[in-house]
Amino acid sequence: MARKSYREKLAELREDILYMSEVVMERLRMGLDALEQKDEDLAHEVITGDGEINRMYLDLEQDCVELLALQQPVASDLRFIAASFKIITDLERIGDLAVNLGEYTLEAEHDLFPDVDVQEMGTLTLAMVEDAMQAYDTEDVEACRELAVRDDDLDQFAERASEIVVRDLIERELESPDEVERLLQDVSRLLLTIRDLERVGDHAVNIAARTLYMVENDDELIY
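Rules of the game
Residues numbered from 1 in each chain as written. Predicted model: local features only at pLDDT ≥ 70, side-chain atom pairs only at ≥ 80, totals over all residues. Heavy atoms only, no water. Helix = DSSP H or I, 4+ residues; strand = E, 2+ residues; numbered from the N terminus. Buried < 20%, exposed > 50% of the residue type's maximum accessible area, 1.4 Å probe, protein only. Areas by Shrake-Rupley, 256 points an atom, 1.4 Å probe, with all protein chains shown as cover. Lys, Arg positive; Asp, Glu negative; His and termini not counted. Charge placed at Lys NZ, Arg CZ, Asp CG, Glu CD. Phe/Tyr/Trp six-rings, centres within 6.5 Å; stacked < 30°, edge-to-face > 60°. Contact = heavy atoms within 4.5 Å. Axes fitted to C-alpha atoms, helices over the stretch in contact; angles between N-to-C directions. Parallel < 35°, antiparallel > 145°, perpendicular 65-115°, else oblique. Left-handed = near helix turned anticlockwise from the far one by under 90°. Nonpolar A, V, L, I, M, F, W, Y, C, P; charged D, E, K, R; others polar. Core = buried A, V, L, I, M, F, W, Y, C linked by side-chain atoms within 4.5 Å. Patch = residues over 30% accessible without salt bridge, like charges linked within 9 Å, V, L, I, M, F, W, Y side chains within 5 Å. Salt bridge = Lys/Arg side-chain N within 4 Å of Asp/Glu carboxyl O.

J.: Looking at this structure, how should I read the overall build of the protein?
T.: Of regular secondary structure, the protein possesses seven helices and zero strands. Secondary structure elements of the protein occur, N-terminal to C-terminal, as α-α-α-α-α-α-α. Each principal axis of the C-alpha distribution contributes one length, and for the protein these read about 75 × 35 × 20 Å. The proportion of buried residues among the 223 residues of the protein is 44%. Total accessible area on the protein stands at roughly 11600 Å², and carbon and sulfur atoms take up 46% of it. Within the protein, the 57 negative side-chain charges are centred at a point lying 6 Å from the centre of the 22 positive side-chain charges.

Listed below in structure tokens is the structure:
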């Protein structure tokens, strides 16, 4: 592989990862829309589309391996390839969490907790992923550090939402075992949704952490 071709391969890797992130974010949006609209067709589209994301992941993983195997990258290139390898893993897992939203849509029967704004939480997490990928593209280290702060806010949002659900559950007066069973299923689904959106935020921070390491050889956000 000629040196010019090697530099082109690095640029192509970045572009392909950015494209993968766009697909993943679109699937996450679709999952949120399906959940809000109770759209089973859209939910199935998110679920069946996971194979495309998995294929992208495997192709990009192979690209990273080949770049490492066919060259002897200098330190900055080595950090870029290593960070990119980690970032595609986070993107693939965000895709899995989008699939979860599709599955919750198919299971959902009632919206019994109007005070829990899942869509607002979804908007926050989508913005975090988008900003993390923008930071990766532009090598913006300040944006990386800011994302860690925003994740603390997201965690607090998730904690408040979970508390609302539990408090509401305690205060409800239920008349039959069937009603109890249905309510518990709805509670479980909602708590899982909150947890999964919180995990999307964690993956956004992981992307920011790897970008910071890539640019400045700084591991302060890696945990």
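J.: How should the packing of aromatic side chains be read in this particular structure?
T.: In this description, an aromatic ring pair is defined by two values, namely the gap between the centres and the angle between the planes. Under the defined criterion, the tally for this structure stands at one aromatic pair. For the pair F80 and Y136, a centre-to-centre distance of 6.3 Å together with 10° between the ring planes defines the contact as stacked. Here F80 is found in helix 4 (residues 75-107), whereas its partner Y136 is found in helix 5 (residues 118-138), with 56 residues between them in sequence. Using a relative accessible area of 0% as the deciding quantity, one classes Y136 as buried.

J.: How should the side chain of R27 be read in this particular structure?
T.: Mapped onto the fold, R27 is located in helix 1 (residues 3-37). Classification of R27 as buried rests on a relative accessible area of 12%. Setting aside anything within four residues of it in sequence, one finds R27 in contact with V46, G49, D50, E52, I53 and A98.

J.: I keep staring at the packing of helix 5 against helix 6 (residues 141-171) and nothing clicks. Help me out?
T.: A pair of packed helices is captured by two measures, namely the crossing angle of their axes and the spacing between those axes. At a closest axis distance of 10 Å, the pairing of helix 5 and helix 6 adopts a crossing angle of 165°. As the angle between them shows, helix 5 and helix 6 are arranged roughly antiparallel. Taken as a pair, helix 5 and helix 6 cross one another with a handedness that is left-handed. Each of E120, M121, L124, T125, A127, M128, D131, A132 and A135 in helix 5 lies in contact with helix 6, whose residues at this interface are A143, C144, L147, R150, D151, L154, F157 and A158. Considered class by class, the residues forming the contact of helix 5 with helix 6 number twelve nonpolar, one polar and four charged.

J.: Where do I start with unusual backbone geometry in this structure?
T.: The general pattern is negative phi for most residues beyond glycine and trans for most peptide bonds. The phi torsion at K38 lies on the positive side, around 55°, for a residue other than glycine. On the basis of relative accessibility, which here comes to 39%, the residue K38 falls in the partly exposed class.

J.: When you look at the nonpolar core in this model, what are you seeing that I'm missing?
T.: For soluble globular proteins, nonpolar side chains are generally found buried alongside one another. Residues I17 and M20 are the most contacted members of the largest nonpolar core, which totals 66 residues. Mapped by element, the contributors of at least two residues to this core are helix 1, helix 2 (40-48), helix 3 (50-70), helix 4, helix 5, helix 6 and helix 7 (177-216). Residue contributions to this core peak at 14 residues, all from helix 1. Apart from the residues within four sequence positions on either side, M20 is in contact with I53, M56, Y57, L60, I88, L91 and E92.

J.: Would you take a moment to explain the packing of helix 2 against helix 4 for this structure?
T.: Here helix 2 crosses helix 4 at 150°, and the two axes come no closer than 8 Å. Of the two possible hands of crossing, helix 2 and helix 4 adopt the one that is left-handed. Mapping the contact onto sequence places E40, A43, H44, V46 and I47 in helix 2 and A98, V99, G102, E103, T105 and L106 in helix 4. Taken together, the residues that form the contact of helix 2 with helix 4 break down as six nonpolar, three polar and two charged.

J.: Would you mind going over a negative patch on the surface with me for this structure?
T.: On the surface, E8, E12, E15, D16 and D137 cluster together into a negatively charged patch. When you line up the elements, D16 lands in helix 1. Note on D16: relative accessible area 31%, which makes it partly exposed.

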